[in-house]
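Geometric and topological summary
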Amino acid sequence: VQLVESGGGKVQAGGSLRLSCVLSGRTASTYAMAWFRQTPGKGREFVAAISWSGIGTYYADSVKGRFTISRDNAKSTMYLEMNSLKPEDTAVYYCAATYSGGDYFYTQRDDYDHWGQGTQVTASI
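The pairing of strand 1 (residues 2-6) with strand 3 (residues 17-24) spans five bridges and is antiparallel. Bridge pairing links valine 4 to valine 22 in strand 3. Sheet analysis places strand 3 next to strand 8 (residues 77-82), joined by six bridges and oriented antiparallel. Paired with cysteine 21 across the strands is methionine 78, a residue of strand 8.

Now the structure itself:
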């Protein structure tokens, strides 16, 4: 499985960005997926997760109501729509995937065994 993120960039606080993550090498519809983020000196933090069907989603409290996770299995792509960005959202964002035997989502870093290379998101005042 290979994961490739795109869509990061620099925006002013209050702005929006949409991240994409393309999964290749396996059938995307059998994989639960998630977004994590990391800043220098800190561990990788959970942001949002989605089940393989897209029906099940879960968000960190810090992004709830501002970020939306979704997926299009026909395109083997997961998305993260980020609105009302804050300076504290600045981080490298990683997508993650794990084979799932059922329509579940997972929120722990150790649940995932495939990771993308990361994409930088910067929200400045």
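Across the sheet, four strands lie side by side as 1-3-8-7; this open sheet has antiparallel pairing. Both edges of this open sheet fall to strand 1 and strand 7 (67-72), since each of them pairs with a single strand only. Here the average twist between neighbouring strands, direction ignored, is 15 degrees.

Within the largest apolar cluster, 34 residues are counted, with the highest numbers of intra-cluster contacts made by Trp35, Leu80, Met82 and Tyr93. Sorting the residues of this core by element identifies strand 3, strand 4 (31-38), strand 5 (45-50), strand 7, strand 8, strand 9 (91-99) and strand 11 (119-124) as the ones contributing at least two each.

The next point concerns the side chain of threonine 122. Mapping threonine 122 onto the fold places it in strand 11. Side-chain polar atoms of threonine 122 contact the side chain of glutamine 120, separated by 3.3 Å. Setting aside residues no more than four positions away along its own chain, threonine 122 makes contact with Gly9, Lys10, Val11 and Thr90.

Rules used throughout
- Residues numbered from 1 in each chain as written.
- Predicted model: local features only at pLDDT ≥ 70, side-chain atom pairs only at ≥ 80, totals over all residues.
- Heavy atoms only, no water.
- Pairing = 2+ DSSP bridges.
- Helix = DSSP H or I, 4+ residues; strand = E, 2+ residues; numbered from the N terminus.
- Axes fitted to C-alpha atoms, helices over the stretch in contact; angles between N-to-C directions.
- Core = buried A, V, L, I, M, F, W, Y, C linked by side-chain atoms within 4.5 Å.
- Buried < 20%, exposed > 50% of the residue type's maximum accessible area, 1.4 Å probe, protein only.
- Polar contact = N/O pair within 3.5 Å; in protein donor to acceptor, adjacent residues only side chain to side chain.
- Contact = heavy atoms within 4.5 Å.

By themselves, these are just geometric observations and shouldn't be taken as functional.
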